Structure formats: C-alpha cells, structure tokens
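A closer look at the structure
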Amino acid sequence: MSQPLYPSTRWAWVEIDLEAIRQNTAAFRRCIRRGVKMMCVVKADAYGHGAVRCAQVMRRSGADQFAVATVNEGVQLRNAGIQEPILLLSEPPIDSVRTLVDYDIMPSVYTQEFALALGECAASSGRVARYHLAVDTGMTRIGVNWKDALEFRRSIDFHRGLQCAGTFTHFATADVPGDWDFKAQSDHFAEAVRSIKEAGLECGLVHCDNTPATVLYPELDYDMARVGIGLYGLHPADCTRDHIDLVPAMSVRGRVTRVVEPEVGTGVGYGLTYRVPTPNIQIATVPIGYADGLARELSNRMDVLVNGQRCGQVGRICMDKFMFAMDVNPVRADRPVRPVRYGDTVTIMGADGDEYIGADDIARLRDTINYEVVCDFGLRLERVYV
C-alpha cells in the first residue's frame, strides 16, 4: 500500500475519499425519479465524514437540500457558504428561534408553542420562517400524530410569520421488505397529506423516503427523497445491495509507534488478557483507542491490516492505543512474512493490498450497525481528504 498523507501531530487518522462521496451522490441522483429533489443528510458531521467538505461535493453532484440534527450543525454549513435549504430534523428548544431565523434554517415543527414562537421571532424582523411539519405515522419518536396533522396546521397557519415548506415522516422498517408496519406508516402518511391538501392548505415539499426506501420504494419519493448513510458508501441493510452500487468513503489508519518481540508468557495490555504464546511474536502499538471510536469490546477479537497482511489485535484496547501481534516465524507462515517496523501504516478499516476490512465487518463484531461505527471514528481522529 502506498504511503498516505497523515497528520503531523499524531500517527492516527481517518481518510475520506471525496471521489467516493461524489460517485455515491450521483448514484442516488440517478436512482431518484426525474423531477424529485434530493435532500442529503449530513448530520453528525456527515456521519463522521466531515459535513462541510461532504456537502460541498454533494451540492456539485445533485444535492438540492441538506438535513442536519442540531442547530449548530446548520450554522456550520451556513458559515461555510452552503446556501441550499437546510432542514433541522427535529424541533429544537424555543430559545433557538432567533438563530434559526437569522441563519435561515428550517426546523421540524410539531408543537404549537414552538411554532408560534418561531413565527413571532420571524415577524418581528419582517421575515417569514419556513418550517417542515413532522408527522408521526407510527415510529413514535417525533412529530404530530398523523390523525391530528390537519388540526395542528389549522392551529398555527394564521400566523403571518410562518410558511410550511415541507411535510414529512420517517419510516421505522423501510429496510424490511414486505413489512406490514411499513405499509401502515406509508398509508397513514398519505392520509395525513391528503387531508391537509383537501383542506386547501399547502404541504410544501412532501417527503418520506429515507435511504432504504429511496432504493426499494421509488414510488414513495413524493417531492423529495432524503438520503443519508448511502451517500457515504454504506448500505442500510443487505436488501439494498443488489439495487445500487456504492463505494465506501471512509478508511481508518494509524502508524506503528513501537515494536517489540517479548519473551513467551509476557502479558499485553490492561489485565494482561493476552500472553505471548510462542517465540518470534512481534507486539506492535498503534495510537488509536476507544476515545477515537475503536470500541473496547473489540479487544482480542478484531484484525488489522499491515503491509497487506492480516494480523490479530491483542490485549485490551486502551483509551488512546491498541496493540496487535505479528508472527514472524517463517516455519509457521503459509506465505512470506515481512516483520513489522516502526512507522508502518496499519489499517483498522479500509483496504490494504488484497485485504479489506469494512464498517460492516466491525459492526458485526460489535453487534451494532455501520452507522455507529463510522460516527464513532469521527469523534476525535483528524480527517485527511484524498
């Protein structure tokens, strides 16, 4: 593997392939029906990939709007020059309405108190605040109950400082083909939208498709599709893999900071949960730990890649470091082995030669989902864009 760029202050980093982000965005743009807008979800710092850089690529590759999870995430995009509409995927505290108005960030709305406070703030500045009505169709997380959507709109639509720019819901089981609850949610949403429109009220852009629904149910695109995890090259479920080709954008790497060849029986790490079993075992240290998103539960269970070779991680993963073992006894090797050296690049997630470790591989070991894996690696590691 060619030597990548890396931070000068620490031998640990996340690599983000911006060409992969571009390809994935373009793939979803082709997947979505002509005339339907695409909202790119860049919450949680673009799932650990860096919201600003990713949004800049996405806007050139077909993104019409962006979605975030917090007010500060929206402000960050605005300060970086992102001018497209930005949706906040929740209703924030009332104290944030001035910031929302000043930065033209559209909140999700589902309580009358917040909606009217937003309208008052906008009207006091001679503006109109745009919002999206969140409809709870069965996930029981956020939103106005689908049966009450029309009544709620009537309770706030009198305010001159408010404009409904969108109406949406979120599916709980879009990644389960043929699921009854998914069908019920889509039916409830259709009924809520129909009731609002028949009352003569504007719904704005109607949207409900998340990443799996965008791939599996294009007939539910309505006016806009919301795409999240797929933009970063990760599938939301196995059932989407045959429908769209994606390129993982994130790799996680570090460099070896210490190599030793301990005596047989020597323990490694806190609790000495691994002991060197035979001669000719190298123990190498890499400055990445659970504070960087490498979960402690992976201790003694995961592999890493170095010089195109797969090696087992050993000992407990520390807050800032982990260790791995390399067997350099040529008698036991089934192929030539290159000993580990100080400064060698180690891949925790990504490709090295013919070997590959993906976010899904790590997620299976952790009994979680690839979403969490990539978000965790975005906690502290510096990003290098390639």
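Residues numbered from 1 in each chain as written. Predicted model: local features only at pLDDT ≥ 70, side-chain atom pairs only at ≥ 80, totals over all residues. Heavy atoms only, no water.

**So, unusual backbone geometry**
Note the threshold: Per the convention used, a helix needs a DSSP run of H or I reaching at least four residues, while a strand needs a run of E reaching at least two, with both numbered from the N terminus.
The backbone of Asp45 shows a phi angle near 55°, a positive value even though the residue is not glycine. Mapping Asp45 onto the fold places it in helix α2 (residues 43-47). Despite not being glycine, Thr140 shows a phi value in the positive range, around 60°.

**Digging into the pattern of salt bridges**
Defined as follows: Salt bridges, as used here, are contacts in which a Lys or Arg side-chain nitrogen is within 4 Å of a carboxyl oxygen on Asp or Glu. Categorising residues by exposure relies on relative accessible area from a 1.4 Å probe, with only protein chains included: less than 20% of the type maximum marks a residue as buried, more than 50% marks it as exposed, and the intermediate range marks it as partly exposed.
Applying the stated criterion across every chain, the model contains 23 salt bridges. The salt bridge involving Arg380 is made with Asp292; its shortest N-O contact spans 2.8 Å. One end of the pair, Arg380, is in the loop between α11 (370-377) and β21 (382-385); the other, Asp292, is in the loop between β15 (281-286) and β16 (303-306), and 88 residues separate them in sequence. Relative accessible area serves as the criterion here: at 0%, Asp292 is assigned to the buried category. Look at the salt bridges and you will find they share partners, linking Arg10, Asp292, Asp320 and Arg380 into a network.

**Remarks on the pairing of β15**
To be explicit about the condition: For two strands to pair, DSSP has to find at least two bridges joining them.
With 6 of its 6 residues buried, β15 lies for the most part within the structure. Both faces of β15 are covered, namely the face carrying Ile281, Ile283 and Thr285 and the face carrying Gln282, Ala284 and Val286. Pairing of strand β12 (residues 258-260) with β15, which is carried by 3 bridges, proceeds in the antiparallel orientation. Residue pairing in the sheet places Arg258 in a bridge with Thr285 of β15. Pairing of β15 with strand β18 (residues 322-327) involves 6 bridges; the strand directions are antiparallel. By the bridge assignment, Ile281 is partnered in β18 with Asp327.

**Describing the packing of aromatic side chains**
Operational definition: Working definition: a ring pair exists when centres of Phe, Tyr or Trp rings (six-membered ring for Trp) sit within 6.5 Å. Plane angles under 30 degrees give stacked, over 60 give edge-to-face, the rest tilted.
Per the stated rule, a full pass over the model turns up 8 aromatic pairs. A centroid spacing of 5.6 Å and a plane angle of 35° characterise the contact between Tyr6 and Trp13, whose relative ring orientation is tilted. Residue Trp13 is classed as buried on the basis of its relative accessible area of 0%. Pairing Tyr47 with Tyr371 gives two aromatic rings, centres 6.3 Å apart and planes at 45°, and the pair type is tilted. In this pair, Tyr47 is assigned in helix α2 and Tyr371 in helix α11, connecting sequence segments 324 residues apart. Here the aromatic cluster, defined as three or more aromatic residues joined through ring pairs, consists of Tyr6, Trp11, Trp13 and Tyr342.

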